[in-house]
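# Architecture and fold: a report
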Amino acid sequence: MMTSNDSESVKRFKNDLPNPTSGTLKIGTHDGIFHCDEVLACFMLQQLPQYASAEIVRTRDVSKLDECDIVVDVGAVFDRERHRYDHHQGTFNETLRTLRPELNVKWDIRLSSAGLVYTYFGEEVIRQIVKEKLNQEPSAECLQAVYKKVYDGFISEIDAIDNGVPMFEGGEPRYNISTHLSARVGAFNSQWNEPTPPPGCLERFEQAKAYVGREFVDKVTYYACCWWPARDIVSKGFANRMALHESGEIFELEHPCPWKEHLYQLEQELGLFGKTKYVIYCNKENDWRIICVPLQPSSFVCRKFLAKPWRGVRDGMLEQVSGIAGSNFCHQTGFIGGNKTREGALKMAIASLEAKEEE
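Residues numbered from 1 in each chain as written. Predicted model: local features only at pLDDT ≥ 70, side-chain atom pairs only at ≥ 80, totals over all residues. Heavy atoms only, no water.

Per UniProt, the protein carries the Sequence similarities (unreviewed entry) text "Belongs to the MYG1 family." (UniProt positions renumbered as here; feature names shortened; annotations may be inferred.)

Now the structure itself:
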């Protein structure tokens, strides 16, 4: 949950923007081939009211960059006070964790210009998008959760690819490639056998920025209006788990929703990580599901699979094998099953909980 110090931090970043004495604000970035990081950095800045009509200047001319109010991805300078956000210099090794220690995040991926802009302006960018798209002011708790989630599920990939960060260091991936956005942005550049655009040309850059922007806004609105509200449903089901079954290892969702990450966080907060084995919910009328909790959100390796004799069996045969009325399917790997009724789904979860894996 966001503390008062965190709230002050957000306010500080929100208000710490260039204030030109006259004229239109200028956002400077390099010319030539563009990449996803500076394209996204420029898009995010232009979501802020003060930068909404800012002019983008694409150049490597130092004298022209010096005239810009903010510079991203060029200039070999990272200076927060001067609003210079380059990351290419050999002395730069900042990550979200080093620059925002008050957020207690895990990410140690070297930041690109997108990550730098997101580090300092991300909360306010998210706030503006949510207000515009959803016509509501996000709570402090929602804002911080969405901020972290967008970094984890979107920005970190761009940072890592732009900086050439190895995906694996040990057994766990340091980040996941889920969008391939960096490659798609690269396709907006002119091809080798096409005329080279003149220096500072914005036509293709603007096309890429609109493309990146749509995807970024979609991510923010999904996490704010779909992923975050699901936490209340998961919290309620988790709180009632002992009433559902004495083991506390099964819980029920009152609606299907994104539940995995919320469950992991709730378990960690209560010192119960790894405890929950199964989730049941009504998929539609006469269709209940039993889902095994995976070891990781995107994994099909589960904490405990459904009973082995059921796997790959369906309908009447499954009812005979399981002895549970209404059972109608069990996936061949045992990570999901189905029953016609809530009672039957719960019985399937309980029976699997009690079953030995070698059966």
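Moving on from the model shown.
### Description of the sheet that holds strand β6 (residues 250–252)
Spatial ordering of the open sheet is given by β6-β7-β8-β10-β9, a layout of five strands whose pairing is mixed. What marks the edges here is a single partner per strand, and that holds for β6 and β9 (327–330). The average undirected angle you get between the axes of adjacent strands in this sheet is 25°. With three bridges joining them, β6 and strand β7 (residues 278–284) adopt parallel strand pairing. What sits directly across from I250, in β7, is Y278. (Pairing = 2+ DSSP bridges. Helix = DSSP H or I, 4+ residues; strand = E, 2+ residues; numbered from the N terminus. Axes fitted to C-alpha atoms, helices over the stretch in contact; angles between N-to-C directions.)

### Examining the pattern of salt bridges
All chains considered together, the criterion is met by 18 salt bridges. R82 is the salt-bridge partner of D79, the closest N and O atoms lying 3.9 Å from each other. Judged by relative accessible area, D79 falls into the partly exposed class, the value being 23%. For R82, a relative accessible area of 45% puts it in the partly exposed group. One connected set of salt bridges, linked through shared partners, spans E124, R127, K131 and E137. (Salt bridge = Lys/Arg side-chain N within 4 Å of Asp/Glu carboxyl O. Buried < 20%, exposed > 50% of the residue type's maximum accessible area, 1.4 Å probe, protein only.)

### A closer look at the environment of C201
Looking at where C201 falls in the secondary structure, it is placed in the loop between α7 (181–186) and α8 (203–227). According to the relative accessible area criterion, C201 is partly exposed, its value standing at 24%. When the C-alpha positions of C201 and V57 are compared, they lie 9.1 Å apart, and in sequence the two are 144 residues distant.

### A few points about the side chain of T276
Its place among the elements puts T276 in the loop between α11 (260–269) and β7. A polar contact is formed between the side chain of T276 and the side chain of E267, at a distance of 2.8 Å. Among residues more than four places away in sequence, those in contact with T276 are F238, E249, F251, L263, E267, V293 and R303. (Polar contact = N/O pair within 3.5 Å; in protein donor to acceptor, adjacent residues only side chain to side chain. Contact = heavy atoms within 4.5 Å.)

### A word on the confidence of the model for the protein
Scored by pLDDT, the protein has a mean of 89; 90% of the residues are at 70 or more. Segment residues 1–15 is flagged for pLDDT under 50; beyond a separation of four residues in sequence, or across chains, it makes 21 contacts in the model. (pLDDT = per-residue confidence, 0-100.)

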